[in-house]
4 protein chains.
Amino acid sequence: MNTKTIAVLTSGGDAPGMNAAVRAVTRTGISSGMRVMGVRRGYNGLLNRDVFEMNLRSVSDIINDGGTALFTARSPEFNTPEGVKEAADNCRDMGIEGVVVIGGDGSFRGARDLTKAGIPCVCVPGTIDNDIASTEYTIGFDTAMNTAVEMVDRLRDTTESHDRCSVVEVMGRRCGDLALQTGIAVGATSILVPEVPFDFQRDIIDRMMFTQKTGKKHFIIVVAEGVGGVDKLAKDIEAKTGIETRATVLGHVQRGGSPTLRDRVVGTVMGYYAADLLYRGKGNRVVVMHDGKITDVDLNEALNMTRTFDKQLYDIAHRVSI
Amino acid sequence: MNTKTIAVLTSGGDAPGMNAAVRAVTRTGISSGMRVMGVRRGYNGLLNRDVFEMNLRSVSDIINDGGTALFTARSPEFNTPEGVKEAADNCRDMGIEGVVVIGGDGSFRGARDLTKAGIPCVCVPGTIDNDIASTEYTIGFDTAMNTAVEMVDRLRDTTESHDRCSVVEVMGRRCGDLALQTGIAVGATSILVPEVPFDFQRDIIDRMMFTQKTGKKHFIIVVAEGVGGVDKLAKDIEAKTGIETRATVLGHVQRGGSPTLRDRVVGTVMGYYAADLLYRGKGNRVVVMHDGKITDVDLNEALNMTRTFDKQLYDIAHRVSI
Amino acid sequence: MNTKTIAVLTSGGDAPGMNAAVRAVTRTGISSGMRVMGVRRGYNGLLNRDVFEMNLRSVSDIINDGGTALFTARSPEFNTPEGVKEAADNCRDMGIEGVVVIGGDGSFRGARDLTKAGIPCVCVPGTIDNDIASTEYTIGFDTAMNTAVEMVDRLRDTTESHDRCSVVEVMGRRCGDLALQTGIAVGATSILVPEVPFDFQRDIIDRMMFTQKTGKKHFIIVVAEGVGGVDKLAKDIEAKTGIETRATVLGHVQRGGSPTLRDRVVGTVMGYYAADLLYRGKGNRVVVMHDGKITDVDLNEALNMTRTFDKQLYDIAHRVSI
Amino acid sequence: MNTKTIAVLTSGGDAPGMNAAVRAVTRTGISSGMRVMGVRRGYNGLLNRDVFEMNLRSVSDIINDGGTALFTARSPEFNTPEGVKEAADNCRDMGIEGVVVIGGDGSFRGARDLTKAGIPCVCVPGTIDNDIASTEYTIGFDTAMNTAVEMVDRLRDTTESHDRCSVVEVMGRRCGDLALQTGIAVGATSILVPEVPFDFQRDIIDRMMFTQKTGKKHFIIVVAEGVGGVDKLAKDIEAKTGIETRATVLGHVQRGGSPTLRDRVVGTVMGYYAADLLYRGKGNRVVVMHDGKITDVDLNEALNMTRTFDKQLYDIAHRVSI
C-alpha cells in the first residue's frame, strides 16, 4: 500500500533552490494522488503542529525565490529522544505517513531518528556548503558559489585599480569546495581550504612573488571559513610583500538570492525523486547526485560516509593561476 | 618526444567560458615547458598567420570576460581541401606542432581534417547550445541558460501583473537542452523542443486550462529556436484561450555576459586537460564531460556519436509544472 | 476636514518601482490615520469593486518585487462617460474619498475624469518610458534602462568576438529617452530616436566608417521602438559596409525585474507625497520630479504640457562615441 | 588662446563610472583639437612622469568596466609644497596645460594646489560616498548603492527564512547618504547615519517591537560605516528583543562592479563638461550636479561648502518602514 499523506519540511540553514524542491515534492505528491502537508520552521513545526495542507497553487511562483517559503529553524527540543517521540506521535495523529526532509547533515540525523520512531523519511541535500559525503552536489551550492564569484569580481575592480592584494573569506566551515570552486573562477593566486594544510611562505608569498615577476600587480587570495584568520593573513602578507592588502569576509550574503538555474533544476529533480520514493513506499533514503545523475542511497549508510576532497582539482587550480 | 609548440584558437559561435579555457591551455602549456601561440579569429588565423606567442600575462584578467579574447570567425576558405593544406603548411612553417580547438561540431570537423593533414588537434567543446553528442556538457551552456532564466524571470513580472501568457523563444536550433532546462527553472507550463513532437491542444491549451482551473492566471511557454513560430503560437493561444498572449525572442543576448562559475571552472579544467593531452603527445582527441567527470574520447568516434535527448527529465519538467 | 478613506491603484503598463509607491501610499496613509484600500487591476477594480482594505503588513516584502502587486489592466469600460460615473458611484458607495493613481498619461486622463466626477485623484508617474511631459522622471525608467544596458553589454561580447555590428531596438514608442540614455551608457556609435530625424549615410555609415579608420571593429546602433525597422536597417548597414550586422529587439524583458535603488526610492518618496496630498485635502494633482526634487503640479496643466527632448545630451552622446 | 594639451587622472578611492568620465574627457578633448594625456596612478603619475598620449581608441570598451583604467593611488609625496611644485614643473615640461582630476575632496585639494602652482585644473566628483558638499551627486554613488541593495536583498532571504534580524554596515564614513538610500530601498526598520544621533531604545527596539506587533518577523537595520559598531549592536538587539540577530559588514565589495547606467551617463556628461571647460580656457572649477543638472562652480568655493544631510528624506524613510 502506498503512503497516502506525506509532509515536507526544510531544516537547518536555508539554501537557494529549497523552494524548487518543496514545489516539486508538492506537485509530484499531489499528482500521484497523495495529500501533501507543508511543515513550517523545520522539525519545530512537527512539534508545534504548525502544518498545513498544500494544493497545487500553494507552491506557485516560489521557484525563483531564495530562502525557504516553509521557513527554517534549529530545534533543540527535537534533538532529544522525547522530542523525536513527540514529533512521531504528532505525525501519526495528523495522519502523516512519510516526511521529506530538505537540509544538511544535522537534519538528516533527525530524519534517521524520526524514521526509527516509525515515520519513514526521505532526505534531500540542501545546503550551500556542499559538505554532505553521500552526494556530489547539494542544493544551493551553485548559487552560493556564483554569488561569491560575483562579489569577488567586484572586489577585483578595486583591487586592480589600486595594485592591491585582497584576502577573501568565503563560506565553508568543514568543507573547502566553495573556496576551491570560487578560487578557480576568480583566478585566485592561492586558495586555502581546511582539507589541505598550507605553508604561508610557499603557498602564498612565493606564489605572489613569482607572478609579480611576470608582471602581475594585483592578487586575490580565497580562504575558506574553516581556515579563517583573514585579518591576520592580510597583515602578514602586507608586512612580507609590501603590497597593500585588505581582508574581506563575504558572510551571510552568500546564503541568499534568487537560485541559479542549476539549483532550480537539481532542486526540482531531487524533490520529484523524493516524493516518488515515498509514493513507492520507500523510506530511510537520501536522494543524491552520483556521477552527475540523481539517484538514492540508504540514509544510515549515507551518514557513515566520509567526504573526499578533490585534491586533483585543487592542484589544477593552482597550476593555472600563475 | 613531446610537442614543443602548440597553438590555441576559438572557432564558430563564441561562448562564455572560452576565455577560461584559453587561459588554462596557455598557463598549463607554458608551465609544462611548451611555447603557446594564440591564433586570432579561428581557422582564419592559421590561414592568415594571425598568430602571436603568449606569455603567462597574455591571459590575465580574461577569465571573467564573456566572448573570446582570441576572437572568432567562420572560415569558408579553410573548409576546402586546399584551405586545410595551407593551414597545416602554415603551422609547420611556424613550428606549431599541435592545436587546441575550442568550438562546436563544425570546428571539430575542421580539427579532424587538420589532424589528418599532419597537425594533431585536441578539441574542447565550447558552444552555448550543448549540442555535441560526445559530451554531457559544453562550455557556455550554463551561462546561456542562466541568462535565459534571468530574462524570463523579468518577463514573468510583467506577465503576472497583466494576467498574461508569454511565449518565449530561447536558443537551440537542433537541441532542446537549453529550452528544457530553462523551462524547468522558470516553471514553464509547456516546453517545446525539436526532439519531441507536440500537440497544440493537448500539450499547450489543455495544460493551460487545467492549471487555470486551479487558480493560475499567468503562463509561460518556452520554445526552442528549432521549433520556432512563436508569433503564430502566441496568436493561436490567445485565440483559443482568450488570455492575452505575447511572444518574445530572447536572441543573441543569450550568447554573452560574464561566464558563470560553472563555465569558468569547466572551461579551466577542460583547457588544462587539452594542453596536457598535447603535452603527452596525444592528438585527435576531444575533451568531454562523461558521468560528471572530465575525460577524453577519440575525435572521429566523437563525430559519429548521436545525441540522446533526456526524455525522462522532459517528463518530470511537465509533471511538476501544473 | 481631511480625507478619511483613500484608495490606491496601478494602471496601464506595469513598471518596476510601482510596488514601492503602493507601499509608501499605504503606510503613509495608515500612519496618518486614514483607511487605505487596495484596488486590483486598475480602474477595472473600481468598476468590479475588486477592492480590499490594507494594513501595514499588506505591503510587506514587495518593495523589491518587479511588476505590481495590485495587478494592472486596460479598462475600455472605464474609458466612457458611463464607466467613469459608475466608478465614481462605486467609490462613494464604498466610502472612498480619494484615489492615488499610479501609471502613465492614459491613466492620468482617467484620473482627471474621475476627479471631475467627484472623486479627487492624485497621480504618480509610473512607466518605463519616461514619456510624461510634466515630470523629469517616471518610476520604472531607471530599471528599464539598466536592464537594457545589461542586455546590450551581453550583446557586446558576441558582437566584439565576431567583429560585427549590432542594431538593437529598445523600448520607447514616442519618447527617445530610453534609447538615448542606453546609447550613451553602452557607447553606441549611433542612437536613433523619434524626436530627431536621421540620415542613414551621415548618421550611421559615415560614423561607422570614421571610427573604423581609427581601429574600431565592432559597432552598436541603438534604435528606439518609435523609429523601428531594425531588420531592414541591419541589412542596409551590412550591404553598405560589408560588416556582418545583426538586429535584436529587446522587447518586454525591459519591463520587468527587481527595481533598482532609484526606482525604489523615487517610488517611495512619490508615494509618500501622494498620500500626504490626499491627507491634506488636495486632489487633481500630479506628483512630479522637477529640478531633481519631488513636488506636485495641477493635473489639467500636466496633461497639457509637451515634452522636450534633450537635444544637447543627444549631441554630447554622439560627440563622445567616436 | 585655448589650452592645447590636457591631461586626465583618477585619484583617491576608485569609483565605478570613472572610466566613463576618462573616456569622455579623452574623446571630447581630441575632437576639440587638443592633445590628451593619460596619467597613471593619480598625482603619482605626474611626479613619476607616468604619462602617455591617448587616441580615440585608447578609451574603447572601458565604459562598462568598474574601477579605473588609469589606476589610482594615494600620493603622500604630492601632498607637500615640494611635491606640488615638482608635479607642476613636470606638467610644464611635458607641455601639459591643464588637468582633469577625477576623485574626491582630498583630490580636489590637490587640484587647488596644482592650479595655484600654475597648472589649471578642473575637478570631476568621483567617489562612491557622495560626500562632496558642492555637488548633489558623485560618480560611483549609484553603483555602490545598487550593489549594497542587491547584497541586502540576498541577506533578506536568509533573514526572512530564519525570522531573524540583520544589522548591516554599509560604506560612508562621514556621510550617511549611502546608508539612507540603501535603507529606504531595502525597507530597513531603522537607518543609522553619522549626521543624526540615535537612541537605541526609541530608534531601534521600539520600532522593532511596534512592527512585530503588526506581524513582522524579520528585520533589517542599516548602519553607516561612520556609526559602526554593528557587532555590539547585534548583540544588544538580540539581548533586548530575544530575536536572533546577525551582523554583516558589506565592505569593499561595494566599491566595484560594472557601473550602472546612471554612473556611466553622469560620468560621460561630467567628463565632457570638464574637457570643454579646459578647452574654453577655464580652470580652477569643479563640475557638479545642481538641481539635477550638470554645471560648474569655483574650486575654492566648492572646498569651503558644507554638506547638508536630507533630514526630510530620513524622516520619510522611517515613516514608511513600519
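As the structure is a computational prediction, the values presented were derived from the model and not from experiment.

## Considerations on the interface of chain B and chain C
In this assembly, 34 residues from chain B lie in contact with 34 residues from chain C. Summed over both sides, the interface of chain B with chain C buries roughly 2600 Å², with 47% coming from carbon and sulfur. Where chain B packs against chain C, one counts six salt bridges. Residue Arg74 of chain B pairs with Glu244 of chain C through a salt bridge whose shortest N-O separation is 3.1 Å. Across the chain B-chain C interface, the total number found is 20 residue pairs in polar contact (both at pLDDT 80 or more).

## With respect to the interface of chain B and chain A
Chain B puts 48 residues into the contact, and the matching count from chain A is 48 residues. Summed over both sides, the interface of chain B with chain A buries roughly 4200 Å², with 55% coming from carbon and sulfur. On the chain B side of the interface with chain A, the three residues burying the most area are Arg57, Leu261 and Arg319 of chain B, jointly 17% of the side's total. Summed over the shared surface of chain B and chain A, the result is eight salt bridges. The residue Asp61 of chain A makes a salt bridge to Arg156 of chain B at a minimum N-O spacing of 2.8 Å. Applying the counting criterion to the chain B and chain A interface returns 24 residue pairs in polar contact (both at pLDDT 80 or more). Counting only elements with at least two residues in the side of chain B that touches chain A, the list comes to helix H1 (18-31), helix H5 (141-161), helix H6 (177-186), helix H7 (200-213), helix H9 (261-279) and helix H11 (311-320) of chain B. Examining the composition of the side of chain B that touches chain A, we find that seven residues originate from one element, H9 of chain B, more than from any other.

## Looking at the packing of aromatic side chains
Applying the stated criterion across every chain, the model contains 12 aromatic pairs over all chains. Sitting over the face of the ring of Tyr137 of chain B, Arg262 of chain B holds its NZ or CZ atom 4.5 Å from the ring centroid.

## Some points on the UniProt feature "binding site: ADP" (unreviewed entry) in chain A
With numbering aligned to this structure, UniProt lists the feature "binding site: ADP" (unreviewed entry) at Arg23, Ala24, Val25, Thr26, Arg27, Arg156, Lys213, Lys216, Lys217 and His218 of chain A. Maximum C-alpha separation among the annotated residues is 58.4 Å over a sequence range of 196 residues, too wide for a single clustered spot. By secondary structure assignment, the location of Arg23 of chain A is in helix H1 (residues 18-31). Sequence-distant contacts of Arg23 of chain A, that is, excluding residues within four places in its chain, are made with Val59, Ile62, Ile63 and Thr268 of chain A together with Gly187, Val320 and Ser321 of chain B. Within the element layout of this structure, Thr26 of chain A appears in helix H1. Once residues within four sequence positions are removed from consideration, Thr26 of chain A is found in contact with Val8, Val36, Met54, Asn55 and Val59 of chain A.

## Some details on the UniProt feature "binding site: ATP" (unreviewed entry) in chain A
Residues and elements named next belong to chain A. As recorded in UniProt, the feature "binding site: ATP" (unreviewed entry) lies at Gly13, Arg74, Ser75, Gly104, Asp105, Gly106 and Ser107. Over a stretch of 95 residues, the named residues converge on one spot in the fold, their C-alpha atoms separated by at most 14.2 Å. When you line up the elements, Gly106 lands in helix H4 (residues 105-116). Relative accessible area serves as the criterion here: at 5%, Ser107 is assigned to the buried category. In this view, Ser107 contacts Ser11, Gly12, Tyr43 and Val101; residues no more than four positions away in its chain are not counted.

Here is what the cut-offs are and how they apply
Residues numbered from 1 in each chain as written. Chains lettered and ligands numbered in written order. Predicted model: local features only at pLDDT ≥ 70, side-chain atom pairs only at ≥ 80, totals over all residues. Heavy atoms only, no water. Contact = heavy atoms within 4.5 Å. Buried area = accessible area lost by both parts, 1.4 Å probe. Salt bridge = Lys/Arg side-chain N within 4 Å of Asp/Glu carboxyl O. Polar contact = N/O pair within 3.5 Å; in protein donor to acceptor, adjacent residues only side chain to side chain. Helix = DSSP H or I, 4+ residues; strand = E, 2+ residues; numbered from the N terminus. Phe/Tyr/Trp six-rings, centres within 6.5 Å; stacked < 30°, edge-to-face > 60°. Lys NZ or Arg CZ within 6 Å of the ring centre and 35° of its normal. UniProt positions renumbered as here; feature names shortened; annotations may be inferred. Buried < 20%, exposed > 50% of the residue type's maximum accessible area, 1.4 Å probe, protein only.

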